[in-house]
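Results of the structural survey
Now for the letters of each chain:
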Amino acid sequence: MSTTTARDLADPAPTKPTPAAPRRGLRGSRTLNFWLFTGPFLIGLALFVYVPIGWSLYLSFFEARFTVTPEKFTGFANYTYMLTNPDFVGSLGTFTVFAAFIVPTTWALSLGLALLVNRLRFLRGFFRSVFFLPTACSYVAAALIWKMSIFSGVRFGLMNTVLDWFGVENIAWLADPSPPWYWVVIVSARLWLQSGFYMILFLAALQNIPGELYEAAAIDGAKPGWQTFRHITLPQLRATSTAVVLLLLIAAYQAFDEFFNLLSKTTWGRPPLVELYYTALGENQDYGAGSAGAVILTVLICAVTLLQGKFLGFGKGEGTT
């Protein structure tokens, strides 16, 4: 006997919804969508990065004066010339001095700012933005401000005005290599421009340190301050510190804007990129020698970066040994 009622006939049992078909991209092809979005970027990367790098490597083996389509093959003659060129070798010495100043000072200043901002209980976002804001400034604009207003070398310049309050004579900051006061100008400009960026990296790492470590240290009798900083904070910042040092060293190798705009066409105080600029785009326009110098500098940066990463333990976890 059937037990179907009128209510069952009026309200049939619901059926399971059929799963919706996965949405397809444009014209039903996800692969096509991928290439549509990444294609322009890859084309630009190839045209403006990889092709110039390959062409520079090609030019380094040819005599290329006033032309980028040379025909005379010279082998490693351009490399020999650059490695024996006192101006280029001297520029590497300039970089060494610059790195000795800028790497440790930026590391210490950035870490100090991060520690101060991290301890704030109010207005943390405000001070973080204030210290980070110079990062958005152009290196060229900052160099011109440092040169024409702060360290102008005349008695109306800001620094000479301040020194005059203490009875110090005017200093020609950028006009005389002896004593090398220009290092004060260059290093202070670079510190102002980049410390905020590395402060953000350290601040992010500080906020990722578990608070339980400090609580356990307090229970064990560790005093807040230097002891906890040395035995807890610094080891936990090892990976970040290594990355910061590597980035600072690479940035020091690539220093150009502030040197070029602060020292103009002086023959002293040139870092590698400025020396290569005058080699390739100077009076002789020796693109072959300039390309060889660029390749040498690239290999040097890679070698130093790999060695430093190995010695400093780049890639290890926070606080690992």
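About the criteria used
Residues numbered from 1 in each chain as written. Predicted model: local features only at pLDDT ≥ 70, side-chain atom pairs only at ≥ 80, totals over all residues. Heavy atoms only, no water. Patch = residues over 30% accessible without salt bridge, like charges linked within 9 Å, V, L, I, M, F, W, Y side chains within 5 Å. Areas by Shrake-Rupley, 256 points an atom, 1.4 Å probe, with all protein chains shown as cover. Salt bridge = Lys/Arg side-chain N within 4 Å of Asp/Glu carboxyl O. Buried < 20%, exposed > 50% of the residue type's maximum accessible area, 1.4 Å probe, protein only. Axes fitted to C-alpha atoms, helices over the stretch in contact; angles between N-to-C directions. Helix = DSSP H or I, 4+ residues; strand = E, 2+ residues; numbered from the N terminus. Parallel < 35°, antiparallel > 145°, perpendicular 65-115°, else oblique. Left-handed = near helix turned anticlockwise from the far one by under 90°. Contact = heavy atoms within 4.5 Å. Nonpolar A, V, L, I, M, F, W, Y, C, P; charged D, E, K, R; others polar. Core = buried A, V, L, I, M, F, W, Y, C linked by side-chain atoms within 4.5 Å. Phe/Tyr/Trp six-rings, centres within 6.5 Å; stacked < 30°, edge-to-face > 60°. pLDDT = per-residue confidence, 0-100.

We now examine a nonpolar patch on the surface. On the surface, Ile 43, Leu 47, Phe 48, Val 49, Tyr 50, Val 51 and Ile 53 cluster together into a nonpolar patch covering about 750 Å² of accessible area. Taking relative accessible area as the criterion, Val 49 reaches 33% and is therefore assigned partly exposed.

Right, let's get into the packing of helix H13 (residues 272-281) against helix H14 (residues 287-312). Their axes nearest at 7 Å, the elements H13 and H14 cross at an angle of 160°. One element, H13, and the other, H14, form an angle in the roughly antiparallel class. Considering only the axes of H13 and H14, their crossing is left-handed. From H13, Pro 272, Leu 273, Leu 276, Thr 279, Ala 280 and Leu 281 reach across to H14, where they touch Tyr 287, Ala 289, Gly 290, Gly 293, Ala 294 and Leu 297. Class assignment of the residues belonging to the contact of H13 with H14 gives a composition of nine nonpolar, three polar and no charged.

In this section: the nonpolar core. Soluble globular proteins tend to bury their nonpolar side chains together. Grouped together as the largest cluster of nonpolar side chains are 55 residues, with contacts concentrated most on Phe 98 and Phe 259. When residues of this core are traced back to their parent elements, those giving at least two are helix H3 (77-83), helix H4 (86-119), helix H6 (139-150), helix H8 (182-207), helix H11 (238-253), helix H12 (257-263), H13 and H14. Among the elements that take part in this core, H8 stands out by supplying 13 residues, more than any other. Phe 259 has contacts with Thr 94, Phe 98, Trp 183, Ile 186, Ser 264, Gly 269, Pro 271 and Val 274, leaving out every residue within four places of it along the chain.

Tallied over the full model, the rule gives four salt bridges. Its salt-bridge partner being Lys 72, residue Glu 63 comes within 3.4 Å of it at the nearest N-O pair. With relative accessibility at 52%, the residue Lys 72 sits in the exposed group. Put simply, Arg 270 and Glu 275 hold a salt bridge, and the shortest N to O gap is 3.5 Å. Since its relative accessible area comes to 6%, Glu 275 is described here as buried.

So, on to the packing of aromatic side chains. The full count for this structure, using the stated rule, is 25 aromatic pairs. Their ring planes at 85° and their centres at 6.2 Å tell us that Trp 107 and Phe 202 sit as a pair that is edge-to-face. Taken together, the residues Trp 107 in helix H4 and Phe 202 in helix H8 connect sequence positions 95 residues apart. By relative accessible area, Phe 202 is classed as buried at 0%. Through successive ring pairs, a cluster of aromatic residues spans Phe 98, Phe 101, Tyr 182, Trp 183 and Phe 259.

Here we come to the confidence of the model for the protein. The pLDDT averaged across the protein works out to 84; a share of 88% of its residues lies at or above 70. With pLDDT under 50 throughout, residues 317-321 is counted as low confidence; its partners more than four residues away or in other chains account for 11 contacts.

Quick look at unusual backbone geometry now. Put simply, Ser 178 and Pro 179 share a cis peptide bond, and its omega is -5°. Positionally, Pro 179 belongs in the loop between helix H7 (158-165) and H8. One non-glycine residue, Phe 66, adopts positive backbone phi at about 60°. Here Phe 66 is to be found in the loop between helix H2 (30-59) and H3. With a relative accessible area of 55%, Phe 66 lands in the exposed category. In this structure, Gln 285 takes a positive phi of about 45° despite not being glycine. On the secondary structure map, Gln 285 appears in the loop between H13 and H14.

Let us look at the packing of H4 against H8. Their axes nearest at 6 Å, the elements H4 and H8 cross at an angle of 45°. Classed by the angle they form, the pair H4 and H8 counts as oblique. Two packed elements cross with a definite hand, and for H4 against H8 that hand is right-handed. Its residues placed into classes, the contact of H4 with H8 shows 20 nonpolar, eight polar and one charged.

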